[in-house]
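Fold and geometry: a report
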Amino acid sequence: MAVRRPNPYRVKLHHSYSVPELAACCDVHKNTVRHWQRQGLQPIDKGRPLLFHGGTVRAFLIERNAGRKRPCLPGTLYCLRCREARRPALDMVDYVPLKADSGDLRALCENCEAPMHRRARKADLAKIMPGLAVRFTNALPRLSGRPDASLNCDEEGKG
Ligand SMILES: [Zn+2]
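Overview of the structure.

Conventions we followed
- Residues numbered from 1 in each chain as written.
- Predicted model: local features only at pLDDT ≥ 70, side-chain atom pairs only at ≥ 80, totals over all residues.
- Heavy atoms only, no water.
- Helix = DSSP H or I, 4+ residues; strand = E, 2+ residues; numbered from the N terminus.
- Contact = heavy atoms within 4.5 Å.
- Polar contact = N/O pair within 3.5 Å; in protein donor to acceptor, adjacent residues only side chain to side chain.
- Buried < 20%, exposed > 50% of the residue type's maximum accessible area, 1.4 Å probe, protein only.
- Pairing = 2+ DSSP bridges.
- Salt bridge = Lys/Arg side-chain N within 4 Å of Asp/Glu carboxyl O.
- Donors = N, O, S within 2.8 Å, 3.2 Å for Na, K, Ca; no water.
- Tetrahedral: all angles 85-135°; square planar, octahedral: opposite > 155°, others 65-115°.

Before going further, it helps to spend a moment on the environment of Y78. Among the secondary structure elements, Y78 is positioned in strand β3 (residues 77-79). The spatial distance from the C-alpha of Y78 to the C-alpha of R118 is 7.3 Å, given a sequence separation of 40 residues. Not counting the four nearest positions on each side in its chain, Y78 is found in contact with C72, R83, E84, A85 and M116. A distance of 3.4 Å separates the side chain of Y78 from the backbone oxygen of R83, its partner in a polar contact.

Attention now moves to the side chain of D104. Note that D104 resides in strand β6 (residues 102-108). Classification of D104 as buried rests on a relative accessible area of 6%. Within the local environment of D104, its side chain forms a polar contact with the side chain of H117, the two groups lying 3.2 Å apart.

With that settled, consider the pairing of β6. Here β6 lies mainly inside the structure; 5 of its 7 residues are buried. Summarising the sheet, strand β5 (residues 93-97) and β6 pair through 4 bridges and their orientation is antiparallel. Counted as the bridge partner of V96 is D104 from β6. Joining the antiparallel neighbours β5 and β6 is a turn of 4 residues.

Here the focus is the pattern of salt bridges. Taken as a whole and judged by the stated rule, the model has 6 salt bridges. A salt bridge links R106 to D104; the nearest nitrogen and oxygen atoms lie 3.4 Å apart. The partner of D124 in a salt bridge is R121, and the shortest N-O contact between them spans 3.3 Å. One network of salt bridges, in which partners are shared, links D104, R106 and R119.

Moving on, we come to the coordination of the zinc ion. Note on the zinc ion: its protein donors are C79 (SG), C82 (SG), C109 (SG) and C112 (SG). The metal-donor distances range over 2.2 to 2.3 Å. Coordination at the zinc ion comes from 4 donor atoms whose angles at the metal span 105 to 113 degrees, giving a geometry best classed as tetrahedral. Mapping the donors of the zinc ion onto the primary sequence gives the spacing C-x2-C-x26-C-x2-C. Of the two residues, C79 is situated in strand β3 and C112 in the loop between β6 and β7 (115-121); the sequence distance between them amounts to 33 residues.

Below is the structure:
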């Protein structure tokens with residue numbers, strides 16, 4: 001399901017909106033407006049019906065959109081399990097070239113060890129992963145291309 005991002009500039013600055021009016025203006029469900037309220041969107045006062053000031057709504061939506069677009073900081077990849085940008089475990093990052101000038105950075109999350117990856121341009125590697133030794137690998141076959149990985153583990157049993 002695509003997440004629709006309301007356009008903050010459809011909200012008129014000097015206009016007060018009730019919940020249904022604001023929902024219609026932003027083309028969202030009324031419940032979404034209530035959700036925004038729980039996330040910190042302040043109504044004008046506690047009166048009923050609730051009214052929201054256009055300027056407040058616009059600032060709220062702009063900040064919210066900016067938060068979503070926040071890119072990973074240098075030295076991090078986005079961990080889908082943590083839902084946060086995380087540093088690579090052991091500072092180990094692999095670069096798998098997919099095209100001549102771009103590829104996939106792969107690492108394990110230092111927090112939960114889930115695999116993370118991030119598209120990157122080869123020219124940007126030093127900027128994206130400063131101070132990290134990015135290991136270049138050949139384009140890897142899919143996991144099934146390493147059939148002996150688990151066998152080795154069994155054979156190397158302790159003792
Ligand atoms: Zn994680």
